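Listed here are the chains, written in short residue letters.
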Amino acid sequence: MSLVRKRVLVTGGAGFLGSHLCERLLADGHDVLCVDNYFTGRKDNIAHLHGHPHFEMLRHDVTFPLYVEIDEIYNLACPASPIHYQFDPVQTTKTSVVGAINMLGLAKRLKAKILQASTSEVYGDPTVHPQTEDYRGNVNPLGPRACYDEGKRAAETLFFDYHRQHRVRIKVVRIFNTYGPRMHPDDGRVVSNFIVQALRGAPITLYGDGSQTRAFCFVSDLIEGFMRLMNTADEVTGPVNIGNPHEIPVRELAERIIHLTGSASTIEYRPLPQDDPTQRCPDITLARSLLRWEPSVALDDGLRRTIDYFADLLASDGADTPRHA
Ligand code: NAD
Ligand code: UDP
Ligand code: UDP
C-alpha cells in the first residue's frame, strides 16, 4: 500500500493491460478513474472492480476533450492488435494523436504526471537487433500498420514537445509483445490466437514460415515496469523499453502451446501479413539500470497461466466479440 493516495486516470482501462493496471493501482491504495470507449475493451475485464470504493468507470472516447481532476495519467487508450487497429485506421491515428493531445492538455492544466503506452512498433521492421531506445526505426509510413506505428510515433513527438514547451512531466514506455489473462479471445494477437485454437482443437494459424521472431513478456512483469517508471524522478522521461528479452521464432511458440495444452491441433500455414516485422527483441539495459527492473516470469509459466484463463473462459462461453467485430 502506498502512503499517499493519488487520483489516477487510466485511459483504455477496460482493455487487457489497462484492467491489470487498474487492479494494481487499487491494490496500492490509489483512487482509480478508468476511461474507455469499449472499442476493444470489455466490461468483464473490470467487472470485479466495480464494488471497490476507490474505483470509478467512465465511458468516454479520448479523441474528445476530458475535464476531470486527477494527479497522474496512464494513457493506454488505443487498439493494440493489428486486426483491430487496421479495422478503422483513421480512428486509430486519431486515438493516438488527438487522444495524446487531449491527455497532454489535461496533464498540462493540472500539472499532472503522464505516462504514454508507446510500442516497439515505433521501431518498425528493425534493422538494429535487439532494439535499443536510440534506434530510430524502419517504419513504412504508407503501409497497413502505419496508422498504428506512425500514430504512436507522433504521440511520442507530442509528449516530448509538451515536455519541452510546457514542462509537462512525461514518462514514455515502449512496450514489447505482452500477453496474459484478459487478452481478448478474438484479439487476433499471436498468443491468444494460438491458445484459443489449441484449446478448441482447431488448426494453429502460423503466418509465413514462422521464422519471424518475437519476445513475449508476461503482463504482471510489464505492470511492475510501468509502476517503476511512473515513480522515477521528474527528469526521467524515457523512452524506456519494457519487454522480455527472451526471443523465439513464432513457430516455436506454436509448438510450445501445442505441447502445454496437450492439443491435437496441427499447424496450418497462412500468408505473412504485409510489413510483418521479421525480428523483434528488446534491449532492456536501460530498464535494468534506471528502474532496477527485469522480467521474472518465464515463458512456460506465463503461458500456463494464460492457458488456464482461456480454458475457463471458453468453458463459461464468456468469449463475446469486440464492439466492431
Ligand atoms: P487492448 O485493445 O486490450 O486495450 C486498449 C483499450 O483502449 C481498450 O479497452 C479499448 O476499448 C480502449 N480504446 C481504444 N480506443 C479508445 C478511445 N478512442 N477512447 C477510449 N478508449 C479507447 O490493448 P492492450 O494490449 O491492453 O494495449 C494497451 C496499450 O498498450 C495500447 O496503447 C497499446 O498500443 C499498448 N501496447 C500494448 C502491447 C501489448 O503487447 N499488449 C504492445 C505494445 C503497446
Ligand atoms: N484538454 C482536455 N482537458 C483539459 C485540458 C485540455 O481535454 O483539462 C484538451 C483540450 O481539448 C485541448 C487539448 O487538450 O484542445 C490540448 O490542450 P492545450 O492546453 O495544450 O491546448 P489548447 O487548449 O491551447 O488548444
Ligand atoms: N501471427 C501468426 N499467427 C496468428 C497471429 C499472429 O503467425 O494467428 C504472427 C504474426 O504474423 C507476427 C507474430 O505472430 O509475426 C506476432 O503477431 P501479433 O499480431 O501478436 O503482434 P505483432 O505483429 O504486433 O508483434
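Structure's up top.
Calculation notes
- Residue indices follow the written sequence of each chain, beginning from 1 at its first position.
- For naming, the first written chain is A and the first written ligand is 1, with later ones following in the order written.
- For this predicted model, a pLDDT threshold of at least 70 governs which residues receive local features, and a threshold of 80 or more governs which side-chain atom pairs are given and counted, while totals over whole chains, interfaces and linings are taken from all residues.
- As a rule here, side-chain values come from all non-hydrogen atoms in the structure, and water together with hydrogens is ignored.
- Secondary structure is summarised from DSSP: a helix means a run of H or I of at least four residues, a strand means a run of E of at least two, and numbering begins at the N terminus for each.
- Between the first and last residue of a helix there are one fewer steps than residues, each counted as 1.5 Å, and that sum is the expected span.
- The angle between axes fitted to the seven-residue stretch ending at a residue and the seven-residue stretch beginning at it gives the bend at that residue.
- Exposed residues in this analysis have more than 50% of their type's maximum accessible area, buried residues have under 20%, and partly exposed residues fall in between, with area computed by a 1.4 Å probe over protein chains only.
- Two residues qualify as a contact provided that any one of their heavy atoms is within 4.5 Å of a heavy atom in the partner residue.
- A pair of Phe, Tyr and Trp rings is counted when the ring centres sit within 6.5 Å of each other, with Trp represented by its six-membered ring. The angle between the planes then sorts it: under 30 degrees is stacked, over 60 is edge-to-face, the rest tilted.
- Note on definitions. A residue lies near a molecule or strand when any single heavy atom of the residue is within 4 Å of it.
- Distance and chemistry together define a polar contact, namely a pair of N or O atoms within 3.5 Å, with one atom able to donate a hydrogen and the other to accept it when in protein, and with adjacent residues in sequence counting only for side-chain atoms on both sides.
- For every accessible area listed, the method is Shrake-Rupley and the probe measures 1.4 Å; residues are considered covered only by the protein chains on display.
- When DSSP finds at least two bridges between two strands, those strands are taken to pair.
- Whenever a helix is involved, its axis is fitted only over the stretch in contact; in every case the axis is a line through C-alpha atoms, and angles between N-to-C directions fall within 0 to 180 degrees.
- In this description, a nonpolar core means a group of buried Ala, Val, Leu, Ile, Met, Phe, Trp, Tyr and Cys residues linked to one another through side-chain atoms lying within 4.5 Å.
- In this scheme, roughly parallel covers angles under 35 degrees and roughly antiparallel covers those over 145, while 65 to 115 is roughly perpendicular and the rest are oblique.
- It is the rotation of the near helix from the far one that decides the hand of a crossing: anticlockwise by less than a right angle makes it left-handed, clockwise makes it right-handed.
- For this classification, the nonpolar set comprises Ala, Val, Leu, Ile, Met, Phe, Trp, Tyr, Cys and Pro, the charged set comprises Asp, Glu, Lys and Arg, and every other residue, Gly included, is treated as polar.

Novice: Any details on helix α4 (residues 89-110)? Residues and values, ideally.
Specialist: Owing to its 3.6 residues per turn, the α-helix brings residues three or four apart onto one side. Over its 22 residues, α4 runs 31 Å from end to end, which matches the ideal 32 Å to within 8%, given 1.5 Å per residue. Along its length, α4 reaches its greatest deviation from straightness, about 25°, at Thr-95. All of the buried residues along α4 are Gln-91, Thr-92, Thr-95, Ser-96, Gly-99, Ala-100, Asn-102, Met-103, Leu-104, Leu-106 and Ala-107. At its buried positions, α4 is contacted by β1 (7-11), β4 (72-75), α3 (82-85), β5 (113-119), α5 (146-166) and β6 (170-175). Two residues or fewer after α4 comes Lys-111, characterised by a positive phi angle close to 55°.

Novice: Lay out the packing of aromatic side chains with the relevant residues and their values.
Specialist: Under the counting rule described, the total for this entry stands at 6 aromatic pairs. Ring centres of Tyr-123 and Tyr-135 lie 5.9 Å apart, and the angle between their planes is 20°; this geometry places the pair in the stacked category. Of the two residues, Tyr-123 sits in the loop between β5 and α5 while Tyr-135 sits in the loop between β5 and α5, which places them 12 residues apart along the sequence. When its relative accessible area of 0% is taken as the criterion, Tyr-123 is described as buried. An aromatic cluster is built from Tyr-123, Tyr-135 and Phe-176, whose rings are joined through pairwise contacts.

Novice: Please set out the site of ligand 2 residue by residue, giving values where relevant.
Specialist: Contacts to ligand 2 come from Pro-65, Leu-66, Tyr-67, Ile-101, Asn-102, Gly-105, Leu-106, Lys-108, Arg-109 and Tyr-162. Separating a nitrogen atom of ligand 2 from a backbone N or O atom of Leu-66 is a distance of 2.7 Å. A distance of 3.2 Å separates an oxygen atom of ligand 2 from a polar side-chain atom of Asn-102. If ligand 2 stood free it would expose 510 Å²; the protein chains cover 66% of that surface. Top element by residues in the shell around ligand 2 is α4. It accounts for 6 residues.

Novice: Quick rundown of the sheet that holds strand β2 (residues 31-36)? Include the residues and the values.
Specialist: The parallel open sheet is built from 7 strands, whose spatial order is β3-β2-β1-β4-β5-β6-β11. Two strands in the sheet have a free side with no partner beyond their single neighbour: β3 (55-59) and β11 (240-242). Neighbour-to-neighbour, the strand axes of the sheet open up by a mean angle of 20°, direction not taken into account. Together, β1, β4, β5 and β6 form the strand contacts of α4, whose direction differs from that of β4 by roughly 170°. Taken strand by strand, α5 contacts β5 and β6, and its axis lies near 155° from that of β5.

Novice: Describe the environment of Ala-154, with residues and values.
Specialist: You can see Ala-154 is positioned in helix α5. Residue classification places Ala-154 among the partly exposed residues on the basis of a relative accessible area of 27%. Sequence spacing of Ala-154 and Ala-100 is 54 residues, and the spatial spacing of their C-alpha atoms is 9.0 Å.

Novice: An account of the nonpolar core is needed here, citing residue identities and associated values.
Specialist: Among the nonpolar cores identified, the biggest contains 60 residues, and Leu-21, Tyr-74 and Phe-226 are the most heavily contacted of them. Tallying contributions element by element places helix α7 (residues 219-230) first for this core, with 7 residues. With residues up to four places along the chain from it excluded, the contact list for Tyr-74 reads Val-8, Leu-9, Val-10, Thr-11, Leu-21, Leu-25, Leu-115, Phe-226, Met-227 and Met-230. By size, the runner-up hydrophobic cluster in this structure holds 24 residues, among which are Ala-77, Ala-100, Leu-106 and Ile-114.

Novice: Mind laying out the packing of helix α1 (residues 16-27) against α7, listing which residues take part and the relevant values?
Specialist: The interhelical angle for the contact between α1 and α7, taken along N-to-C directions, is 60°, at an axis separation of 10 Å. Between α1 and α7, the angle falls in the class oblique. The two elements α1 and α7 cross, and the hand of that crossing is right-handed. Between α1, through Phe-16, Leu-17, His-20, Leu-21, Arg-24 and Leu-25, and α7, the contact on the second element is made entirely by Val-219, Leu-222, Ile-223, Glu-224, Phe-226 and Met-227. Here the residues of the contact of α1 with α7 sort into 9 nonpolar, 1 polar and 2 charged.

Novice: So what about the site of ligand 1? Which residues, and what values?
Specialist: Taken together, 30 residues sit near ligand 1, with Leu-17, Asp-36, Thr-40, Tyr-148 and Lys-152 positioned nearest. Phe-16 has a polar backbone atom sitting 2.9 Å from an oxygen atom of ligand 1. One nitrogen or oxygen atom from the side chain of Asp-61 is found 2.9 Å from a nitrogen atom belonging to ligand 1. Here ligand 1, which alone exposes 820 Å², has 97% of that area covered by the protein. Broken down by secondary-structure element, the contributors of at least two residues to the shell around ligand 1 are α1, α4, β5 and α5. Tallying contributions element by element places β5 first for the shell around ligand 1, with 3 residues. Taken together, the residues of the shell around ligand 1 sort by class into 14 nonpolar, 12 polar and 4 charged.

Novice: Please provide a residue-by-residue account of the environment of Arg-169, values included.
Specialist: Summarising the element assignment, Arg-169 is placed in the loop between α5 and β6. Placed 145 residues apart in sequence, Arg-169 and Leu-314 show a C-alpha to C-alpha distance of 42 Å. Of note is the side chain of Arg-169, whose polar atom sits 2.9 Å from the backbone oxygen of Lys-111.

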